[in-house]
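The primary structure of each chain is shown beneath.
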Amino acid sequence: MHGLIRSVWYEPRSPDAPRRVWRDWVLVGVLLPVALLEGVVRPDMPSRVISVSLAVGLVPTLLWRRTRPLLMVAIAFGVSGVAQLLTGGVSPESNTMIYLLILPYALFRWGSGREAIIGLAIILVKATFSVVVDYSGPADTAAAFAVVFSAIAAGTAFRYRTRARTRELDQVKLLEREQLARDLHDTVAHHVSAMAIRAQAGLATAASRPDAATEALRVIEAEAAQALAEMRAMVHVLRRNEPADLAPGRSIADLSQLESPGRSGPSVRVEIEGDTVGLSPSVEAAIYRLAQESVTNARRHARHATRVLVRVSADDTSVRLRVSDDGDPVRPAGTSGYGIIGMIERADLLGGTCVAGPGPDRGWNVTAVLPRTGVAG
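Brief notes about the layout of surface pockets
Logical step 1: Empty space within the largest pocket amounts to approximately 860 Å³.
Logical step 2: Lining the largest pocket are 29 residues, with Ser91, Glu93, Lys126, Ser130 and Ala144 sitting closest to its centre.
Logical step 3: Elements with a minimum of two residues in the lining of the largest pocket: helix H4 (69-86), helix H6 (113-133) and helix H7 (138-205).
Logical step 4: No other element matches H7, which puts 7 residues into the lining of the largest pocket.
Logical step 5: Along the lines of polarity and charge, the residues of the lining of the largest pocket split into 16 nonpolar, 8 polar and 5 charged.

Details of unusual backbone geometry
Logical step 1: A positive phi angle is found at His304, which is not glycine, with a value near 60°.
Logical step 2: Along the polypeptide, His304 turns up in the loop between helix H9 (281-301) and strand S2 (307-314).
Logical step 3: A relative accessible area of 58% means that His304 is categorised as exposed.

Things to note about the sheet that holds strand S3 (residues 318-325)
Logical step 1: Across the sheet, 5 strands lie side by side as S1-S2-S3-S5-S4; this open sheet has mixed pairing. Among the strands making up the open sheet, the edge pair consists of strand S1 (267-274) and strand S4 (353-358). Strand-to-strand twist in this sheet, taken as the mean axis angle between neighbours without regard to direction, amounts to 10°.
Logical step 2: Summarising the sheet, S3 and strand S5 (residues 364-371) pair through 7 bridges and their orientation is antiparallel. Along S5, the bridge assignment pairs Val323 with Val366.
Logical step 3: Across the sheet, H9 is in contact with S1, S2, S3 and S5; its angle to S3 comes to roughly 10°.

Concerning the packing of H4 against H6
Logical step 1: One way to put it is that H4 packs onto H6 with a least axis distance of 9 Å and a crossing angle of 15°. When the axes of H4 and H6 are compared, the pair comes out roughly parallel. Considering how the two elements wind past one another, H4 and H6 form a crossing that is left-handed. For the pair H4 and H6, contact is made by Pro69, Leu70, Val73, Ala74, Phe77, Ser80, Gly81, Gln84 and Leu85 and by Glu115, Ile118, Gly119, Ile122, Ile123, Lys126, Phe129, Ser130 and Val133, respectively.
Logical step 2: Residue composition of the contact of H4 with H6, grouped by class: 11 nonpolar, 5 polar and 2 charged.

Some details on a nonpolar patch on the surface
Logical step 1: Among the surface-exposed residues, Trp22, Val26, Val30 and Val34 lie close enough to one another that they form a single nonpolar patch of about 400 Å² accessible area.
Logical step 2: You can see Trp22 is positioned in helix H2 (residues 22-41).

Description of the packing of helix H5 (residues 102-110) against H6
Logical step 1: Direction vectors running N to C along H5 and H6 enclose 160°, while the axes themselves pass 9 Å from each other. The angle between H5 and H6 falls in the class roughly antiparallel. Viewed along their axes, H5 and H6 form a crossing whose handedness is left-handed. Counting all contacts with H5, which are made through Pro104, Leu107 and Phe108, the residues of H6 involved are Glu115, Ala116, Gly119, Leu120 and Ile123.
Logical step 2: Looking at the contact of H5 with H6, its residues break down into 6 nonpolar, 1 polar and 1 charged.

What to know about the pairing of S5
Logical step 1: Within S5, 6 of the 8 residues are buried, which leaves it mostly tucked inside the rest of the structure.
Logical step 2: Looking at chain direction, S4 and S5 are connected through 6 bridges and run antiparallel. Paired with Pro358 across the two strands is Trp364, which belongs to S5.
Logical step 3: The loop that links S4 with its antiparallel partner S5 comprises 5 residues; one of these, Gly363, has a positive phi angle of about 75°.

Some words on the side chain of Asn365
Logical step 1: With respect to the helices and strands, Asn365 occurs in strand S5.
Logical step 2: When residues no more than four places from it in sequence are discounted, the contact partners of Asn365 are Arg322, Val323, Ser324, Asp325, Val355, Ala356, Gly357, Gly359 and Pro360.

Examining the nonpolar core
For soluble globular proteins, the rule of thumb is that nonpolar side chains tend to be buried together.
Logical step 1: Grouped together as the largest cluster of nonpolar side chains are 30 residues, with contacts concentrated most on Leu255, Ile287, Val310, Val319, Leu321 and Leu370.
Logical step 2: Those elements giving two or more residues to this core turn out to be S1, H9, S2, S3, helix H10 (338-349) and S5.
Logical step 3: No other element matches the 8 residues that H9 contributes to this core.
Logical step 4: If we skip the residues at most four places from it in the chain, Leu321 touches Ile287, Leu290, Ala291, Val310, Arg311, Val312, Val366, Thr367 and Ala368.
Logical step 5: One finds Val28, Leu70, Val73 and Ile152 within the second-largest nonpolar core, a separate group that totals 24 residues.

Examining the side chain of Thr141
Logical step 1: Mapped onto the elements of the fold, Thr141 is located in helix H7.
Logical step 2: Residues in contact with Thr141, not counting those within four places in the same chain, are Val131, Tyr135 and Ser136.

Considerations on H4
Logical step 1: When the terminal C-alpha atoms of H4 are compared, their 26 Å separation across 18 residues agrees well with the 26 Å that a helix rising 1.5 Å per residue should span.
Logical step 2: Within the sequence span of H4, burial applies to Pro69, Leu70, Met72, Val73, Ala76, Phe77, Ser80, Gly81, Ala83 and Gln84.
Logical step 3: Once H4 finishes, Gly88 follows within two positions and takes phi at roughly 75°, a positive value.

Rules and cut-offs
- Residues numbered from 1 in each chain as written.
- Predicted model: local features only at pLDDT ≥ 70, side-chain atom pairs only at ≥ 80, totals over all residues.
- Heavy atoms only, no water.
- 1 Å grid on protein atoms, 1.4 Å probe; cavity = no way out; pocket = protein on both sides within 12 Å on 5 of 7 lines; lining within 4 Å.
- Points joined across faces, edges and corners; volume = space filled by probe spheres on them.
- Helix = DSSP H or I, 4+ residues; strand = E, 2+ residues; numbered from the N terminus.
- Nonpolar A, V, L, I, M, F, W, Y, C, P; charged D, E, K, R; others polar.
- Buried < 20%, exposed > 50% of the residue type's maximum accessible area, 1.4 Å probe, protein only.
- Pairing = 2+ DSSP bridges.
- Axes fitted to C-alpha atoms, helices over the stretch in contact; angles between N-to-C directions.
- Contact = heavy atoms within 4.5 Å.
- Parallel < 35°, antiparallel > 145°, perpendicular 65-115°, else oblique.
- Left-handed = near helix turned anticlockwise from the far one by under 90°.
- Patch = residues over 30% accessible without salt bridge, like charges linked within 9 Å, V, L, I, M, F, W, Y side chains within 5 Å.
- Areas by Shrake-Rupley, 256 points an atom, 1.4 Å probe, with all protein chains shown as cover.
- Salt bridge = Lys/Arg side-chain N within 4 Å of Asp/Glu carboxyl O.
- Core = buried A, V, L, I, M, F, W, Y, C linked by side-chain atoms within 4.5 Å.
- Expected span 1.5 Å × (residues − 1).

In structure tokens form, the structure reads like this:
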């Protein structure tokens, strides 16, 4: 139990908490007139002036509930307790002040573990004080505690759900880097093998052909330059603590294996334009992997699709991949999941870009642009 409390106490804040968004201003803009209106039209409101002042004055705490969750909880529940003292123990809270439940939710959603524990203590002290000075029966007391703890439970659930999804996304990126490292490893091994063979050939023919050694050195120099470029890309990946092992490389020529006549699904056609000779092997492997994932997604998720077109075009500086289908305009939510995230990660590691989204008329498009050299930025 002590270990659990200690781990919760040192729990960091949730990352990337938004400061204020347009919905916050809309919420404040709605609550202010509603609180004033309740003070005017509700005949049985206790301590009308204090209740309305409290409801209106605490609305701005919602604007800082993500960035200062503990402070906002302390202000809201502390001021409510003081107001209850001023009214002789009668709770001055109006119905509009139900919005204060957003504060404990935000505390457990965005705050650190230390803030959550301290904030929970403040909430419990205020709730206990209200029960002692203005007891309204066991049913009402239990209901009030249940509502507060429901807000706390909702904040905790959303917090750990987001954390679990973040871990899953990180795992997808790690797996994509691992596959890229495998492809790069195979490429570098190919260049090193070519250099070794050329060196052996130059040594074997040096006596009979003096110029063979010079020719072999030129080839070795070119292979070494390419191997170094690929090695830099691989080191960029491995610096992120990624494993790499041997795996067969893929090339643009292998894209023809993705073609199908469409007997049990949409037909797949591959078109290649431009000069694809001399592309970095890592780029060729990435183009194949991106196309393969896109075609797989189209076959699984493109409703009523009859064709999938894979088009590769290359120019002097980059190579472009576009995979499109003619399925229904709206793609199910599952297709914008981890597969596409992995594709974006692979393109980014090679210094390129990858975007996916609905087509202008029908279907789904995946477009990737990679530099010919494949050097990661």
